[in-house]
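Remarks on the overall topology
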Amino acid sequence: MNWGPAVLAALLVILSGCSSEKLDPAIASYIDSLMNASFKPGQPGAVILVARDGIPIFRKAYGRANVELGVPNTPENVFAIGSMTKQFTAVCILQLVRKGKVSLQDDIRKYLPHYNTQGRVITIEHLLTHANGIPNITDGPDFGQREVVEPSLDELLGCVTSDSLLFEPGSDCGYNDYGYTLAGLIIEQVSGLSYGEYVQKNIFEPLGMKSSTSATRERSIPLFVSGYSSAGDTVFRPAEYFSWRWDLGMGDIVTCVDDMLKWDEALYTDKLLSQDLLKKAWSSYVLTDGRKTNYGYGWAVSQYQDVQMIWHTGGIQGFRSTSIRIPSQHLFVIAMSNNGSTNAVISRARDIALRVTGKPLVTPSFH
């Protein structure tokens with residue numbers, strides 16, 4: 001039977017009522033009050049889902065999907081997730097590792113021979129852990145002008161090659177979006193597929209993530225909300241135009257909260273990867289001097305009291321997002337907003353995750 005998104009969403013709501021755990025009404029009220037305080041009616045909004053043991057225990061939308069047309073957000077809406085794309089890219093690379101097609105210790109010039117590493121060995125692992133020393137393309141003064149034009153492969157590879165490295169690869173850590181673009185290009189070179197085709201074939205289709213895709217400007221995306229930035233306290237303007245190709249592998253995935261729950265549930269199994277490889281992705285990378293970075297492959301890792309949090313945030317023009325998974329409690333919190341001018345969705349999701357775990361609401365250090 002081919003059930004549509006609306007039927008599947010209704011089924012999720014029904015199943016949530018069958019969960020062995022009911023969300024404490026006081027906690028539900030707390031979540032609602034936090035979200036309502038941050039995302040007002042008539043303004044760009046957000047969607048949040050909280051799940052325990054794979055079953056939603058709170059799932060609600062706030063604000064508008066399109067301000068001009070007065071269209072409300074719904075839990076089924078699709079959002080850009082920005083840097084949360086990195087976890088998908090990391091898993092794609094690890095799938096190629098599992099198949100013996102790449103090694104994490106491979107010099108990236110093996111796959112991208114024209115990329116200038118300034119004579120240093122930069123490995124695939126260095127890309128995934130932000131330990132590569134490459135200047136971040138998004139920090140460049142002219143990136144705003146570049147990203148409105150569709151880049152060629154040579155432009156993607158050559159955009160920062162004239163700059164010297166910031167540090168010796170492996171010796172330090174500096175958050176770097178561009179490293180994940182290079183990882184995405186390696187996926188394309190090795191698989192013979194575009195990044196979007198690879199993710200679709202090897203992640204989205206096997207997991208039934210029917211609302212998820214690697215975005216392009218060439219096709220429309222069903223249920224995709226409009227992104228906004230603030231032009232004042234109560235005034236919002238549409239997000240600036242940009243080419244998705246610049247965000248290849250680092251920020252080009254769009255999805256919905258229900259698909260992200262499918263993704264998170266798959267990570268408890270061997271469906272996409274063995275648990276041994278996933279454990280590496282969720283382990284802090286260790287620099288050459290022994291320091292831990294609190295970042296694995298595509299995920300940040302933190303310890304708050306006795307709770308391990310595996311998480312990431314995302315930001316792209318018009319959008320903010322975050323996901324938090326707490327394996328010890330099989331808890332997952334995913335929140336997405338089409339207001340790109342505030343990090344409220346990130347801080348709210350963190351507070352909500354801590355409240356649901358029963359931990360004191362003292363802001364943890366995620367660094």
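Below or above, wherever it landed, is the structure these notes cover. Quick caveat, the model's predicted, so the values are computed rather than measured.

1. Topic: the overall build of the protein
Helices and strands together make up the secondary structure of the protein, namely 11 helices and 13 strands. Relative to its full complement of 367 residues, the protein shows a buried share of 56%. For the protein, restricting intrachain contacts to residue pairs at least 6 apart in sequence, the fraction spanning at least 24 positions comes to 67%. Just so you have it, the protein exposes about 15100 Å², and 52% of that area is on carbon and sulfur atoms.

2. Observations regarding the environment of T213
By the secondary structure assignment, T213 is in strand β6 (residues 213-214). When the C-alpha positions of T213 and E197 are compared, they lie 9.0 Å apart, and in sequence the two are 16 residues distant. Sequence-distant contacts of T213, that is, excluding residues within four places in its chain, are made with Q200, F204, R219, I221, D252, I253 and V254. For T213, the side chain forms a polar contact with the side chain of R219, separated by 2.4 Å.

3. Quick look at the pairing of strand β1 (residues 46-52)
Across the 7 residues that make up β1, a large majority, 7, are buried. Going residue by residue along β1, you find A46, I48, V50 and R52 tucked away on one face and V47, L49 and A51 tucked away on the opposite face as well. By the bridge criterion, 7 bridges tie β1 to strand β2 (residues 55-62) in an arrangement that is antiparallel. The residue of β2 that forms the bridge with R52 is I55. The antiparallel hairpin formed by β1 and β2 contains 2 residues in its connecting segment, where D53 sits at a positive phi of about 55°.

4. Examining the pattern of salt bridges
If you walk through the whole model with that rule in mind, you get 13 salt bridges. In this structure, the salt-bridge partner of D258 is R59, at a minimum N-O distance of 2.8 Å. Of this pair, D258 sits in helix α9 (residues 257-266) while R59 sits in strand β2; the two residues are 199 residues apart in sequence, bridging distant segments of the chain. Like D258, the residue R59 is buried in the burial classification. Between R109 and D107 there is a salt bridge; the shortest N-O distance is 2.7 Å. For R109, a relative accessible area of 30% corresponds to the partly exposed category.

5. What about the sheet that holds strand β12 (residues 319-326)?
Overall, antiparallel pairing links the 6 strands, which are arranged β2-β1-β13-β12-β11-β10 in an open sheet. The open sheet terminates on both sides in strands that have one partner only, identified here as β2 and β10 (300-304). Here the average twist between neighbouring strands, direction ignored, is 15°. Direction of pairing for β10 relative to strand β11 (residues 307-316): antiparallel, over a ladder of 5 bridges.

6. A word on the sheet that holds strand β9 (residues 253-255)
Pairing is antiparallel in the open sheet, where 3 strands are placed in the order β5-β9-β6. At either end of the open sheet lies a strand with only one pairing partner, and these are β5 (79-80) and β6. In the sheet, β5 pairs with β9 via 2 bridges, with the strands oriented antiparallel. In the sheet register, A80 faces β9, and the bridge partner there is V254.

7. As for the packing of aromatic side chains
Both the distance between ring centres and the angle between the ring planes are used here to describe each pair of aromatic rings. If you walk through the whole model with that rule in mind, you get 9 aromatic pairs. Seen from their ring centres, Y115 and Y178 are 6.2 Å apart, and the 45° between their planes marks the pair as tilted. On the criterion of sequence distance, the pair formed by Y115 in the loop between α3 (85-98) and α4 (124-129) and Y178 in helix α7 (residues 177-191) is long-range, its members being 63 residues apart. Summarising the burial analysis for this pair, Y115 and Y178 share the class buried. Taking the centre distance of 5.6 Å and the plane angle of 15° together, the rings of F224 and F319 count as stacked. Within this pair, whereas F224 is found in the loop between β6 and β7 (228-230), its partner F319 is found in strand β12, the two being separated by 95 residues in sequence. On the basis of relative accessible area, F224 is assigned to the partly exposed category, the value being 28%. Of the residues examined, F319 reaches a relative accessible area of 5% and is grouped as buried. One aromatic cluster is present, built from ring pairs that chain together F88, F204, W263, W282 and W299. Sitting over the ring of F242, R217 keeps its end group 4.9 Å from the ring centre. The ring centre of Y268 lies 4.5 Å from the NZ or CZ of R325, which sits over that ring.

8. Quick word on the nonpolar core
By size, the foremost hydrophobic cluster in this structure holds 110 residues, and its most contacted members are V50, F88, L182, I203 and W263. Looking at this core element by element, the count peaks at 8 residues for helix α11 (residues 344-357).

9. With respect to empty space enclosed by the protein
Applying the stated criterion to the full structure yields 1 cavity of 30 Å³ or more. The wall of the largest cavity is formed by Q87, W263, D264, L267, W299, I310, S323, I324, R325 and F332. Of all the secondary structure elements, the ones that give two or more residues to the lining of the largest cavity are α9 and β12. In terms of residue count, β12 provides more of the lining of the largest cavity than any other element does, 3 residues in total.

How each quantity is defined
- Residues numbered from 1 in each chain as written.
- Predicted model: local features only at pLDDT ≥ 70, side-chain atom pairs only at ≥ 80, totals over all residues.
- Heavy atoms only, no water.
- Helix = DSSP H or I, 4+ residues; strand = E, 2+ residues; numbered from the N terminus.
- Buried < 20%, exposed > 50% of the residue type's maximum accessible area, 1.4 Å probe, protein only.
- Contact = heavy atoms within 4.5 Å.
- Areas by Shrake-Rupley, 256 points an atom, 1.4 Å probe, with all protein chains shown as cover.
- Polar contact = N/O pair within 3.5 Å; in protein donor to acceptor, adjacent residues only side chain to side chain.
- Pairing = 2+ DSSP bridges.
- Salt bridge = Lys/Arg side-chain N within 4 Å of Asp/Glu carboxyl O.
- Axes fitted to C-alpha atoms, helices over the stretch in contact; angles between N-to-C directions.
- Phe/Tyr/Trp six-rings, centres within 6.5 Å; stacked < 30°, edge-to-face > 60°.
- Lys NZ or Arg CZ within 6 Å of the ring centre and 35° of its normal.
- Core = buried A, V, L, I, M, F, W, Y, C linked by side-chain atoms within 4.5 Å.
- 1 Å grid on protein atoms, 1.4 Å probe; cavity = no way out; pocket = protein on both sides within 12 Å on 5 of 7 lines; lining within 4 Å.
- Points joined across faces, edges and corners; volume = space filled by probe spheres on them.

Note that every value here comes from positions in space, so none of it alone points to a role or purpose.
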